[in-house]
Structure formats: structure tokens, C-alpha cells
Amino acid sequence: MILLRRQLPLLITMVTGLVMAAQYYVPHPASEQLLTSVTKWLQIIGGFALILGITSLFHVHASKIRRKEAGWGYSLVLYTGMLGTIVVGIWNNGKESIDGALTSFGWIYSYTLVPLQGTMFAILAFFIASAAYRSFRARSREAAVLLVAAVIVMMGRVPLGEYILPLSGDLSSWILNVLNASVRRAILIGVSLGAVALSFKIIFGVERSYLGGGKE
Amino acid sequence: MGFAERMLRIDRRIIFLVIGLCTLLPLLFPVGLPIKISSEVRGVYDYIDKLPEGSVFLLSLDFDPASKPELYPQAVAILRHAFRKNLRVMAMTLWVSGTGLADQIISQTAKEAGKESGKDYVFLGWSPGGSAVILNMGQDLYTTFPADYDGKATKGLPVLAGVQNLRDVAYAVTLAAGNPGVEAWYVFGKDKYKFELGGGCTGVMAPGLYPLLRSGQINGLIGGLRGAAEYETLVGQKGNAVAGMDAQSATHLAIIVLVAICNVFYFAMLRQQRRHERIGS
């Protein structure tokens with residue numbers, strides 16, 4: 001069983017990892033055909049991953065409702081909402097509108113999901129303002145620099161700020177284009193090198209956590 | 001507890017009220033301050049403007065309703081521009097929850113411009129796989145999207161005449177609220193299939209995308225509501241973004257004032273504490 005649970009997945013990972021890495025540098029039609037097939041497979045796996053995710057979500061919340069755990073009422077709302085939307089979605093063939101007219105699925109989307117997500121996003125502005133008031137203090141020299149930069153960028157990104165402080169627009173642009181870009185690039189290079197190292201570790205079987213727990 | 005300390009622990013509902021009023025009042029009584037155009041937004045505008053009539057323009061609407069206030073006006077402004085230039089528009093989304101919104105944006109803007117689905121534009125809809133969809137489109141568009149959002153076969157659509165894969169796209173713009181988004185379109189799309197790419201994103205994401213902009217990996221960036229307002233100004237059709245800039249101006253200013261007040265009270269409290277310590281010792 002170790003062959004099926006450990007060695008075979010490791011072998012598949014190594015072969016596909018090496019082949020796909022090599023594929024990028026080979027412009028031969030056969031190599032391109034391989035990429036077409038593999039990406040199609042990836043899409044199919046993506047579809048299955050979606051089913052797996054939804055099933056898992058159903059399972060987690062069903063057991064919460066069954067055991068009447070704290071906040072099970074929210075799970076019930078989620079459960080009925082998801083089931084209802086899926087049923088209506090299938091009924092309408094996944095279409096939100098037909099010839100410009102909203103379907104019942106489109107109605108759920110436009111009058112439930114859109115306002116709910118919009119509200120969640122809008123609430124952020126209030127919490128950001130409150131958090132800024134409570135914690136954005138010049139406690140140290142570094143914090144003071146951050147504070148000044150933030151104020152300049154906030155001024156420079158809105159017409160009123162540019163009207164009050166005409167230089168803020170150019171200064172904010174300089175902060176974003178020079179200071180921010182160089183720091184972000186350094187972070188990106190670090191993250192990318194880390195990703196490359198992790199990929200090598202996965203391809204050569206050093207990193208095996210993706211196989212899940214359990215005994216050897 | 002001293003006055004400064006009390007002010008620092010002010011009820012958050014007062015701050016909420018200030019922000020609420022700063023958002024609401026400018027929307028009710030707009031001022032309409034002039035909007036300066038940045039080079040980032042101009043990069044996208046100029047590229048679309050210089051495309052010859054009939055060029056294939058791909059717009060990927062990679063966002064969901066949560067980012068609607070910022071990315072919806074961007075999408076509308078870009079589509080208005082593309083339709084005015086008589087480009088062949090190919091729209092799609094990598095975010096399943098954004099499909100309905102994308103459909104609304106495209107059909108409404110196309111209707112306004114008098115464009116016909118299948119002939120002047122096509123909405124491909126959503127396909128599972130995230131970044132794999134980009135790779136797959138780069139190989140063969142028709143295996144990735146055999147049918148458009150309305151269920152019509154993509155092969156044979158007049159709008160897609162001569163288009164086989166992403167290499168046949170003259171310009172692509174992704175309006176993204178996260179991942180997959182601008183970075184995925186660069187890594188799996190532009191880098192491999194060599195087409196010009198522009199980006200649009202939410203305000204908070206914009207600073208993170210400046211390295212891509214500076215290195216030329218994307219030729220322009222529309223950042224947040226401000227970027228949308230700039231594009232609306234360039235297109236000459238002021239909409240939701242320009243209207244929202246007054247509110248954003250007021251809230252930014254309110255936050256700056258709040259932060260300044262907080263620091264004044266913070267230093268007042270510190271001085272108070274030091275005085276007490278001196279008296280105590």
C-alpha cells in the first residue's frame with residue numbers, strides 16, 4: 001500500500017513537474033500539444049475541486065446543524081441559501097439573464113449576492129477609519145515616516161488632496177513608483193525564489209506535506 | 001482618565017458617523033473637482049486608442065460583486081472606449097461569482113453603443129481552472145470556450161474570425177480584484193503568448209502592481225475608483241467613478257484629520273504621563 005499512498009504520487013509529481021518545466025523551453029508542436037492536453041486536464045481537475053469544496057462545505061455545516069453546535073443557525077442559513085441557489089441555478093441552466101430579462105437565478109444574484117458582498121466591502125471603510133484613529137500613531141521614527149508617507153499618498157490620490165496640497169500628486173506618484181515599487185520588487189524576488197525552492201523540494205520528494213498525514 | 005486618553009478611546013460609532021457623513025454629503029451635493037490624469041491610466045487609454053478598427057480586444061473581468069464600486073466603472077469606461085473605436089471585444093471572467101456582473105456590464109454597455117453579440121462582441125463567460133484557463137486559451141480558444149455565455153458555438157462567430165488563440169489578441173486588459181488576476185494574466189498569458197497587457201485593480205491592490213508596471217510587464221494600470229474616474233474623464237463620459245471621487249476625497253481627508261487628531265492626543269497624553277512621573281519621583 002505504501003507504493004500507492006506514497007511512492008506512486010511522488011513519482012507522478014516528479015515526472016509531471018520535470019516534464020512541465022522542460023515543456024516551457026521546447027517550442028516543438030508535440031510539446032505544445034502536451035501543454036494543451038495538460039491544461040485541459042487542469043481545467044477538469046479544477047471542476048472536480050469545486051465539487052469537492054462544495055461537498056466539504058455541506059458536510060461541515062450539516063454536522064454543525066445535526067449537533068446543534070454554537071451558531072448552528074448561521075449554518076442553517078448558509079445551508080438553505082446554498083441549496084436554494086444551486087436548485088434555482090440548475091433550474092435556470094446557470095443563466096442570470098435571458099435576452100436581457102433576469103431569471104430567478106439572476107434575481108438571487110443581483111438582489112442578494114451583489115448587495116451582500118457590496119456591504120461587506122463598504123463596511124471596510126468604516127473599520128479602516130476606526131483602526132487608523134486608534135493605532136496610526138507616530139510611536140517611533142519609522143512609524144512617523146510611514147505616517148507621513150501614508151498622508152501624502154492619501155492626499156495625492158484624491159482631487160481634493162491635490163487641490164489643497166498641489167505637490168501631493170507628484171510626491172504620491174514618486175512614492176508609489178520609486179519607493180514602493182523597489183520594495184515590492186525585493187519582496188517579489190524573495191517570494192519567487194522561495195516558490196522555486198519549494199517547487200524543487202516538491203518535485204524531488206523532499207517536501208511531502210501535500211500527501212497528507214498518516215503513517216508511512 | 002485624562003481628556004486626551006478619553007479622546008483616544010472615543011466611541012467608534014462617532015468615527016463611523018463622521019465617515020458616513022463624509023461619504024453621503026458629497027454624493028448629495030457634488031463639487032466636481034478636476035481630475036488629473038496619471039501616466040498609468042493614460043498607458044491603457046492610449047494603447048486602446050491607437051488600435052486599428054477591428055482589432056481583437058480581450059477584457060477579462062476578474063472580480064466579484066465585492067469590488068463592484070471600483071471595478072464596475074473601470075469596466076464600463078473601457079468598454080465604452082473599445083466600442084467607440086469599433087474593436088472586436090472578447091470578454092470573459094476567471095471568477096465564477098463575477099459572471100452575472102460581467103454579463104450585465106457587457107450587455108448594457110453594448111446595448112448603449114448599439115453593438116451586436118456575436119458580431120461586434122462576445123461574452124465567453126466563466127470556465128473552471130483559474131490560471132489553467134489562460135494557458136488553455138493560449139493554446140486553443142475553442143477548446144476552452146466551445147460555447148459563449150448564451151450557449152452559441154464560438155467557432156464561426158464573426159467577432160472571432162481569424163482568432164485561434166491568445167496570440168491573435170491585439171490587446172488584453174484584466175480588471176482584477178485578486179487572484180487569478182493581473183499577475184496570472186502576465187505569467188500564464190502575456191509572457192508565453194506575447195500580447196500586450198494592461199491592468200486594472202482595486203485601490204488597495206494597486207501599490208502591489210507597480211513593479212509590473214515599472215518593468216513594462218503591463219503597459220498601464222487603472223487603480224481603484226481614482227483610476228476609473230481618470231478613464232471616464234479621458235473617454236469624456238463621466239459616470240459613477242467621477243461622481244464618487246468627491247466622496248472619496250472627503251473620506252480621505254476625514255481619515256487624515258482623524259489620524260492627526262489621534263496623534264495630537266497621543267502626544268498630549270505622553271506629556272501628561274511624563275509630568276505625572278516627574279511629580280511622583
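Residue numbers here run from 1 along each chain, matching the order of that chain's written sequence. Chain letters and ligand numbers both follow the written order, the letters beginning at A and the numbers at 1. For this predicted model, a pLDDT threshold of at least 70 governs which residues receive local features, and a threshold of 80 or more governs which side-chain atom pairs are given and counted, while totals over whole chains, interfaces and linings are taken from all residues. The basis for every side-chain value is the complete set of non-hydrogen atoms in the structure, without hydrogens or water.

A. Structural view of the interface of chain A and chain B. In what follows, a contact means two residues having at least one pair of non-hydrogen atoms within 4.5 Å. In this assembly, 54 residues from chain A lie in contact with 70 residues from chain B. On the chain A side of the interface with chain B, the three residues burying the most area are Gln-43, Tyr-133 and Arg-157 of chain A, jointly 14% of the side's total. Salt bridges are defined as contacts in which a side-chain nitrogen from Lys or Arg sits within 4 Å of a carboxyl oxygen from Asp or Glu. Viewed at the interface, chain B and chain A are joined by three salt bridges. For Lys-36 of chain B, the salt bridge goes to Asp-170 of chain A, with nearest N and O atoms at 3.6 Å. The term buried area refers to how much accessible surface (probe radius 1.4 Å) is lost by two components on association, counted for both of them together.

B. Just the pairing of strand S3 (residues 121-126) of chain B, in detail. Residue and element names in this part refer to chain B. Counting buried residues in S3 gives five out of six residues, a clear majority hidden from the surface. Any two strands between which DSSP finds at least two bridges are classified as paired. Per the convention used, a helix needs a DSSP run of H or I reaching at least four residues, while a strand needs a run of E reaching at least two, with both numbered from the N terminus. Here strand S2 (residues 88-93) pairs with S3 via four bridges, running parallel. Among the inter-strand pairings, Ala-91 is bridged to a residue of S3, identified as Phe-123. Handedness rule for crossovers: strands pointing away from the viewer, path from the first strand over the helix to the second running clockwise, crossover right-handed. Crossover handedness for the path S2 to helix H5 (residues 99-113) to S3: right-handed. Exposure classes here rest on a 1.4 Å probe applied to the protein chains alone. A residue is buried below 20% of its type maximum, exposed above 50%, and partly exposed in between.

C. Region of interest: the nonpolar core. Grouped together as the largest cluster of nonpolar side chains are 81 residues, with contacts concentrated most on Phe-57, Leu-61, Met-90, Met-137, Trp-185 and Tyr-231 of chain B. In terms of residues, this core owes the most to one element, helix H4 (residues 68-84) of chain B, which gives nine residues. Contacts of Trp-185 of chain B, omitting those with residues within four sequence positions, involve Leu-58, Ser-60, Asp-62, Met-92, Leu-94, Ile-134, Met-137, Leu-166, Thr-174, Lys-190, Phe-195 and Leu-197 of chain B. By size, the runner-up hydrophobic cluster in this structure holds 24 residues, among which are Leu-147 of chain A together with Ile-255, Leu-258 and Val-259 of chain B. Residues belong to one nonpolar core when they are buried, are Ala, Val, Leu, Ile, Met, Phe, Trp, Tyr or Cys, and are joined through side-chain atoms within 4.5 Å.

D. Quick look at unusual backbone geometry. Residue and element names in this part refer to chain B. A cis geometry characterises the amide bond from Asn-179 onward to Pro-180, with omega recorded as 0 degrees. Structurally, Pro-180 is set in the loop between strand S4 (171-176) and helix H8 (182-193). Look at Lys-194: it is not a glycine, yet its phi comes out positive at around 55 degrees. Looking at where Lys-194 falls in the secondary structure, it is placed in the loop between H8 and strand S5 (196-201).

E. Representation of the side chain of Glu-32 of chain A within the structure. Positionally, Glu-32 of chain A belongs in helix H2 (residues 29-67). Put simply, Glu-32 of chain A is tucked away with no salt bridge, and the nearest opposite charge, on Lys-192 of chain B, sits 4.0 Å away. His is not counted, nor are the chain ends, whereas Lys and Arg count as positive and Asp and Glu as negative.

F. Fine view of the environment of Ala-129 of chain A. With respect to the helices and strands, Ala-129 of chain A occurs in helix H4 (residues 104-135). Considered as a pair, Ala-129 of chain A and Ile-202 of chain A are 73 residues apart in the sequence and their alpha carbons are 43 Å apart. Those residues in contact with Ala-129 of chain A that sit more than four places away from it in its chain are Ile-15, Ile-19 and Ile-255 of chain B.

G. Molecular detail of the packing of aromatic side chains. Any Phe, Tyr or Trp ring, taking Trp's six-membered ring, that has another such ring centre within 6.5 Å forms a pair; planes under 30 degrees apart are called stacked, those over 60 apart edge-to-face, and the others tilted. All chains considered together, the criterion is met by 13 aromatic pairs over all chains. Taking the centre distance of 5.3 Å and the plane angle of 75 degrees together, the rings of Tyr-24 of chain A and Tyr-25 of chain A count as edge-to-face. When the ring of Phe-83 of chain B is compared with that of Tyr-121 of chain B, the centres are 5.9 Å apart and the planes differ by 75 degrees; the resulting orientation is edge-to-face. With a gap of 38 residues between them, Phe-83 of chain B in helix H4 and Tyr-121 of chain B in strand S3 connect regions that are remote in the sequence. Here the aromatic residues Phe-126 and Phe-127 of chain A together with Phe-16 of chain B are joined through ring pairs into a cluster of three or more. Over a ring means this: the NZ of a Lys or the CZ of an Arg is within 6 Å of the ring centre and within 35 degrees of the ring normal. A cation sits over an aromatic face here: Lys-68 of chain A above Trp-72 of chain A, 5.2 Å from the ring centre. The lysine or arginine in question, Lys-68 of chain B, covers the ring of Tyr-72 of chain B, its NZ or CZ lying 5.2 Å from the ring centre.

H. Quick look at the pairing of S4 of chain B. All names here are of chain B. Within S4, six of the six residues are buried, which leaves the element mostly enclosed by the surrounding structure. Across the two faces of S4 the burial is the same, with Tyr-171, Val-173 and Leu-175 and Ala-172, Thr-174 and Ala-176 all buried. As defined by bridge partners, strand S1 (residues 56-62) adjoins S4 across six bridges and the pair is classed as parallel. When the sheet's bridge partners are listed, Leu-58 is paired in S4 with Ala-172. Across six bridges, the pairing between S4 and S5 is parallel. Of the residues in S5, the one forming a bridge with Ala-172 is Leu-197. Handedness of the crossover joining S4 and S5 through H8 is recorded here as right-handed.

I. Seen up close, helix H10 (residues 224-235) of chain B. Residue and element names in this part refer to chain B. Its twelve residues give H10 an end-to-end C-alpha distance of 17 Å, which sits within 8% of 16 Å, the value for a rise of 1.5 Å per residue. Across the twelve residues that make up H10, a large majority, eleven, are buried. When we look at burial in H10, the residues that qualify are Gly-224, Leu-225, Arg-226, Gly-227, Ala-228, Ala-229, Glu-230, Tyr-231, Glu-232, Leu-234 and Val-235. One or two residues past the end of H10 sits Gly-236, with phi positive at roughly 85 degrees. An expected span of 1.5 Å times one less than the residue number is assigned to each helix.

J. Layout of the sheet that holds S5 of chain B. All names here are of chain B. Spatially, S3-S2-S1-S4-S5-S6 is the arrangement adopted by the six strands of the open sheet, whose pairing is parallel. Taken across any chain shown, the strands that pair with only one partner, and hence form the sheet edges, are S3 and strand S6 (221-223). This sheet shows a mean twist of 15 degrees between the axes of neighbouring strands, independent of strand direction. Axis definition: a line fitted to C-alpha atoms, limited for helices to the stretch in contact. Angles are taken between N-to-C directions and run from 0 to 180 degrees. Seen against the sheet, H8 touches S1, S2, S4 and S5 and runs at an angle of roughly 165 degrees to S5.

K. Summary view of the confidence of the model for chain A. Confidence of the predictor at the level of single residues is captured by pLDDT, which takes values from 0 to 100. On average, residues of chain A carry a pLDDT of 90, and 98% of them reach 70 or more. Looking across chain A, the model is least confident in strand S1 (residues 97-98) of chain A, with a mean pLDDT of 81, and most confident in helix H7 (residues 167-203) of chain A, with 94.

L. The arrangement of the environment of Leu-198 of chain A in detail. Residue and element names in this part refer to chain A. Along the chain, Leu-198 turns up in helix H7. For Leu-198, a relative accessible area of 41% puts it in the partly exposed group. For Leu-198 and Val-114, which are 84 residues apart along the polypeptide, the C-alpha to C-alpha distance reads 38 Å.

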